[in-house]
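Structural description and commentary
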Amino acid sequence: MGHTWAVGRHPLHDVAIVGVANTEQARRLEGHTSFSIAVEAVRMALDDAGLGPGDVDGTVGAMAGALEYQLRCGPAWRGMGPANAAGVVAAGLAIAAGYATTVVIADGGAAVHTDRAKTAPWTRPENEFVMPLGMFTAAEFALIARSHMHRFGTPPEALAEVAATIRNNGSINPDAVMTGRGPYTAADVLASPMIADPFHRLDCAIDSEGGAALVMTTRERAADLPGEPVYVLGGSGDRFGPAYQHPPSWDLGGRTDLVNGWIGRRAAEQTFAMAGLSPADVDVAELYDPFSFEIIRQIEAFGFCGEGEGADFVLDGHIGPTAKLPVTTDGGVLSYSHPGASAQMLQRVIRAVQQLRGSCATNQVADAEVAFVSNGGAGALFCDVLALGREAAS
Amino acid sequence: MSPSGSGEKNASGVGTWLAPQRAGIPTPSPSLVSEPFWAGARAGELRYQWCEACGVAVMDPQPACPRCLGSELEWRVSSGRGTVSSFTVVWRAPLPAFQVPYAPAIVEMAEGFTLLTNVINCEVDQLKVGLPVEAVFVDIEQDVSLIYVQPDEANLAPGHDQLAT
Ligand SMILES: [Zn+2]
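Right, let's walk through the structure included here.

About the criteria used
Residues numbered from 1 in each chain as written. Chains lettered and ligands numbered in written order. Predicted model: local features only at pLDDT ≥ 70, side-chain atom pairs only at ≥ 80, totals over all residues. Heavy atoms only, no water. Donors = N, O, S within 2.8 Å, 3.2 Å for Na, K, Ca; no water. Tetrahedral: all angles 85-135°; square planar, octahedral: opposite > 155°, others 65-115°. Helix = DSSP H or I, 4+ residues; strand = E, 2+ residues; numbered from the N terminus. Buried < 20%, exposed > 50% of the residue type's maximum accessible area, 1.4 Å probe, protein only. Axes fitted to C-alpha atoms, helices over the stretch in contact; angles between N-to-C directions. Parallel < 35°, antiparallel > 145°, perpendicular 65-115°, else oblique. Left-handed = near helix turned anticlockwise from the far one by under 90°. Contact = heavy atoms within 4.5 Å. Nonpolar A, V, L, I, M, F, W, Y, C, P; charged D, E, K, R; others polar. Buried area = accessible area lost by both parts, 1.4 Å probe. Salt bridge = Lys/Arg side-chain N within 4 Å of Asp/Glu carboxyl O. Polar contact = N/O pair within 3.5 Å; in protein donor to acceptor, adjacent residues only side chain to side chain. Phe/Tyr/Trp six-rings, centres within 6.5 Å; stacked < 30°, edge-to-face > 60°. Lys NZ or Arg CZ within 6 Å of the ring centre and 35° of its normal. Pairing = 2+ DSSP bridges.

Observations regarding the coordination of the zinc ion
Residue and element names in this part refer to chain B. Protein-derived coordination of the zinc ion comes from Cys51 (SG), Cys54 (SG), Cys65 (SG) and Cys68 (SG), at a distance range of 2.3 to 2.4 Å. Angles of 102 to 115° at the metal separate the 4 donor atoms of the zinc ion, which places the site in the tetrahedral class. Linear spacing of the donor residues for the zinc ion on their chain is C-x2-C-x10-C-x2-C. One end of the pair, Cys51, is in strand β2 (residues 47–51); the other, Cys65, is in the loop between β3 (56–58) and β4 (73–77), with 14 residues separating them in the sequence. Accessibility classification places Cys51 together with Cys65 in one group, the buried group.

Written out as structure tokens, the structure reads:
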């Protein structure tokens, strides 16, 4: 089970998220580059926080270097990972350890997917052991889904129920790229064209353009800012190797007997221990949904239900916006947006912050106190998680 | 089983026979470590690495044994026999060069290593977890051969279906 933390004593408890922003999200944003849309998100997130560029002394994300120069914020601390949930943990630890006071985490995607005869570039990484075999993200995640279906008898209808639920969250969200599309039933999902069996088109993430940014600072400084801070209760991540280079097998193992099929479980156990919480305490789960099946796997891996019980959990209606565990309430990457390689992961964190602030225009979960966030998935050999709270850890 | 590939057609007129790919798909750029694997493919051998000290079969090719980190890995030739542990059928390819359908699969090989490949020379409906398969070598273009698998007829014969689950 690993190390457990005394509640209230984890360094992440010394930091807060004080600003978040998504720019407009669309299939195509004319006149923007990935960097220009990320900068727009940064401007909006700093404004949300009541801060300016002169306050920033740390950056995270693939564009961190360009952002430092754009914000004229050096000498600055730079996180060496992508702008996602893992970046929030890295920034939080850096702030808690005194490397920086106020960190901007940002990314964006625009004018990247230009050859529409091919799937989006981030879906088809080049590697000698995958590319000649026609592998791409849908196939990688399909191989994991098939293993689960074989092991537990998970029916295609359960995958379709996930896709319909999350896409319907996007359908009513005016900010979603796919707003107004739907509503969908599970039957609609199963009737959509097959992409990589068992995934139909409606089981798969969209691709789109947009920016996302988030600002973190010390809990102490957050108290002096005009906005409503959201607190980091815990966060961690699991990895088994590089994404999309080796067979994404269920049984891929490492040092312990926890296999890739349950990736994220160790991270979730650590995170709940840091937060002094259990899965039952979670009010809303902003889970990463690159493909419908991944939600079923994650709710089992994170302990929201038992192994092999995920299909019944979703078919019994427990992940809907007013259900026991509302999942991915803005439409996620299936419907809200998928702007590139990491902004869409940061958007799971942003949505969780909006839920805890009570500021969601659609699918606001009443009195949400604790939000759980995930990024990644077994098809990519990584899974990051966060627990965020409306109240700080005591 | 017809390698000429006139399987049943579905509503959109696409066949259901799983054929090998042809020239035009992205081809591997071998590294110093992986070159013996690709040379094996061209020679009609499925080569894998073996750590004598640990008795561990290694795939994908690595500079060292994942158990002892020893660099004394020996290249061996696989029997080519294995069992499908997972598969998918792709109907919308990432690049236009790929002919659909094709069937990426994870195969547990008899020697104890895992191979990512495609199942070919069968109908889509024949695919299942537990399917016994054997390696088949396909020349894609000059100096580029891929290692696929196809149903292992010998192990599909009556009396051998206990391999299937
Ligand atoms: Zn060894």
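After that view of the structure, there is still more to cover.
Regarding the packing of helix α1 (residues 34–49) of chain A against helix α2 (residues 64–71) of chain A
Residue and element names in this part refer to chain A. α2 packs onto α1 with a crossing angle of 60° between their chain directions and a minimal axis gap of 11 Å. Considering their axes alone, α1 and α2 lie oblique with respect to each other. For the crossing formed where α1 meets α2, the hand is right-handed. Contacts from Phe35, Val39 and Val42 of α1 reach α2 at Ala66, Leu67, Gln70 and Leu71. By residue class, the composition of the contact of α1 with α2 is 6 nonpolar, 1 polar and no charged.

Concerning the interface of chain B and chain A
Interfaces are frequently sized by the accessible area removed from exposure as the parts join. Facing the 39 residues of chain B at the interface are 29 residues of chain A. Considering only the side of chain B, the residues that lose the most area to chain A are Arg92, Pro94 and Leu116 of chain B, jointly responsible for 24% of the buried surface there. The interface formed by chain B and chain A includes 0 salt bridges. At the junction of chain B and chain A, the tally comes to 12 residue pairs in polar contact (both at pLDDT 80 or more). Of all the secondary structure elements, the ones that give two or more residues to the side of chain B that touches chain A are α1 (35–42), β5 (81–87), β6 (103–109), β7 (114–119) and β10 (144–151) of chain B. Here the side of chain B that touches chain A gets 5 residues from one element, more than from any other, and that element is β7 of chain B. For the side of chain B that touches chain A, the per-class residue count stands at 25 nonpolar, 12 polar and 2 charged.

Section: the packing of aromatic side chains
All names here are of chain A. If you walk through the whole model with that rule in mind, you get 13 aromatic pairs over all chains. Where Phe272 meets Phe304, the ring centres are 6.4 Å apart and the plane angle is 80°; that geometry is what we call edge-to-face. Of this pair, Phe272 sits in helix α8 (residues 265–275) while Phe304 sits in the loop between α9 (292–301) and α10 (310–315), placing them 32 residues apart in sequence. A single burial state applies to Phe272 and to Phe304, both of which are buried. With 5.1 Å between their ring centres and 15° between their planes, Phe272 and Phe372 make a pair best called stacked. Here Phe372 lies in strand β10 (residues 370–377) and Phe272 lies in helix α8, a separation of 100 residues in the sequence. By relative accessible area, which is 7% here, Phe272 ends up buried. The exposure class of Phe372 is buried, given its relative accessible area of 0%. One aromatic cluster is present, built from ring pairs that chain together Phe272, Phe302, Phe304 and Phe372. Taking the ring centre of Tyr231 as reference, the NZ or CZ of Arg219 above it sits at 5.9 Å.

Details of the packing of helix α4 (residues 137–152) of chain A against α9 of chain A
Residue and element names in this part refer to chain A. Interaxial distance between α4 and α9 falls to 10 Å at its minimum, and their mutual angle equals 60°. The angle between α4 and α9 falls in the class oblique. The way α4 lies across α9 gives a crossing that is left-handed. Contacts between α4 and α9 involve Phe141, Ile144, Ala145, His148 and Phe152 on the former and, on the latter, Phe293, Glu294, Ile296, Arg297 and Glu300. Split into classes, the residues belonging to the contact of α4 with α9 amount to 6 nonpolar, 1 polar and 3 charged.

A closer look at the sheet that holds β3 of chain B
All names here are of chain B. Strand order in the open sheet made by the 3 strands is β3-β2-β4, with antiparallel pairing throughout. Either end of the sheet is taken by a strand with one partner, and the two such strands are β3 and β4. Looking at each pair of strands side by side, their axes are set apart by 40° on average, direction ignored. Relative to β4, β2 runs antiparallel, the two sharing 5 bridges. In the strand pairing of β4, Cys51 is matched with Leu73. The sheet strands contacting α1 are β2 and β4, and the helix crosses β2 at an angle near 140°.

Some points on the side chain of Asn173 of chain A
With respect to the helices, strands and loops of the structure, Asn173 of chain A is situated in the loop between α5 (156–171) and α6 (186–191). Sequence-distant contacts of Asn173 of chain A, that is, excluding residues within four places in its chain, are made with Thr179, Asp330, Tyr336 and Thr362 of chain A.

Section: the pairing of strand β7 (residues 210–218) of chain A
Residues and elements named next belong to chain A. Along β7, 8 of the 9 residues are buried, which leaves the element largely enclosed by surrounding structure. With 7 bridges connecting them, strand β1 (residues 15–22) and β7 associate as antiparallel partners. Residue pairing across strands places Ile17 opposite Met216, the latter belonging to β7. In this sheet, β7 lies alongside strand β4 (residues 102–109) in antiparallel orientation, the contact comprising 8 bridges. Bridge pairing in β7 links Gly108 to Gly211.

Some words on the sheet that holds strand β2 (residues 58–60) of chain A
Residues and elements named next belong to chain A. Read across the sheet, 9 strands follow the order β3-β2-β4-β7-β1-β8-β11-β10-β9 without closing on themselves; strand pairing throughout is mixed. In this open sheet, the two edge strands, each paired with only one partner strand, are β3 (77–79) and β9 (284–286). Averaged over all pairs of adjacent strands, the angle between strand axes in this sheet comes to 25°, irrespective of strand direction. The pairing of β2 with β3 spans 3 bridges and is classified as parallel.

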